[in-house]
Amino acid sequence: AIRAITRVAIFHGIGVFGVYEGFSGLIQGGDMINLLTWNHVSGIIQEGGTILGTARCEEFFKKNGRRSAVKNLLLNNIQYLCVIGGDGSLSGASILSDEFLEHFHALKGLEISIPLLSIHAVSFNELQPFLNVIGIVASIDNDMSDIEMTIGTDSALHRIVEAADSIKSTAGSHQRVFI
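Residues numbered from 1 in each chain as written. Predicted model: local features only at pLDDT ≥ 70, side-chain atom pairs only at ≥ 80, totals over all residues. Heavy atoms only, no water.

An unreviewed UniProt entry lists the chain under the name 6-phosphofructokinase, with Hertwigia falcifera as the source organism. Here is the UniProt Subcellular location (unreviewed entry) comment for the chain, exactly as written: "Cytoplasm". (UniProt positions renumbered as here; feature names shortened; annotations may be inferred.)

Next comes the structure, spelled out in structure tokens:
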């Protein structure tokens, strides 16, 4: 998913930032948010998991943590947030989207310069800035409603089948049964 999003965005001339360690990296900012290039996502299609890492983030459950996340979105002029994850990640993204305007106004003149906020507001909507959120269900658990199979489940099942096939061919070459 990260590879596809990055490559399609680059093709259309849109910059894509990778946020390392999920909401934790979004709150921390700085080096945890980096522009992704074509090369960053080359050779990852066969990889399971994520090249960006993931982390549970207690700080994101607090309003001040989410305000820090919005601050870093603004500082990087990030207008679309694509969250790839399960119920916790997607619920967190929904809350962040709902609270975005509140945090935007709270940050005005305090921690972020007015010119940057003005540029950001115009790029969204001059009257009501908002955060566009795109959610992609990805979980090894395959426990999300209305989704037949998640990205993580497909990857895990693929690895299981590969391992079983390898064991079968090894057992055949040794003329033995493996259990």
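Text resumes after the structure shown.
This part takes up the overall build of the chain. For the chain, the count of helices and strands is six helices and four strands. Each helix (α) and strand (β) of the chain, taken in turn from the N terminus, gives the series α-β-α-β-α-β-α-α-β-α. The 179 residues of the chain split such that 31% are buried. Considering only residue pairs separated by 6 or more positions, the chain has 65% of its internal contacts joining residues 24 or more positions apart. Surface accessibility of the chain: about 11,200 Å² in total, with carbon and sulfur atoms responsible for 55%. (Helix = DSSP H or I, 4+ residues; strand = E, 2+ residues; numbered from the N terminus. Buried < 20%, exposed > 50% of the residue type's maximum accessible area, 1.4 Å probe, protein only. Contact = heavy atoms within 4.5 Å. Areas by Shrake-Rupley, 256 points an atom, 1.4 Å probe, with all protein chains shown as cover.)

This paragraph deals with the pairing of strand β3 (residues 80-85). Burial of β3 is one-sided: the residues Leu81, Val83 and Gly85 facing one way are buried, the residues Tyr80, Cys82 and Ile84 facing the other way are not. Summarising the sheet, β3 and strand β4 (residues 132-137) pair through six bridges and their orientation is parallel. Bridge pairing in β4 places leucine 81 opposite valine 133. (Pairing = 2+ DSSP bridges.)

A word on the packing of helix α3 (residues 63-75) against helix α4 (residues 87-107). Pairs of packed helices are described in terms of their axes, by the angle between the two and the distance that separates them. Axis separation between α3 and α4 bottoms out at 9 Å; the angle between their running directions is 75°. Judged by the angle between their axes, α3 and α4 are roughly perpendicular. Residues Lys63, Arg66, Arg67, Ala69, Val70, Lys71, Leu73 and Leu74 of α3 touch α4, and the partners they reach there are Ile95, Leu96, Glu99, Phe100, Glu102, His103, Phe104, Ala106 and Leu107. Looking at the contact of α3 with α4 residue by residue, the class counts come to ten nonpolar, one polar and six charged. (Axes fitted to C-alpha atoms, helices over the stretch in contact; angles between N-to-C directions. Parallel < 35°, antiparallel > 145°, perpendicular 65-115°, else oblique. Nonpolar A, V, L, I, M, F, W, Y, C, P; charged D, E, K, R; others polar.)

Moving on, we come to α3. Over its 13 residues, α3 runs 18 Å from end to end, which matches the ideal 18 Å to within 8%, given 1.5 Å per residue. Along α3, the residues that are buried comprise Gly65, Arg66, Ala69, Val70, Asn72, Leu73 and Leu74. (Expected span 1.5 Å × (residues − 1).)

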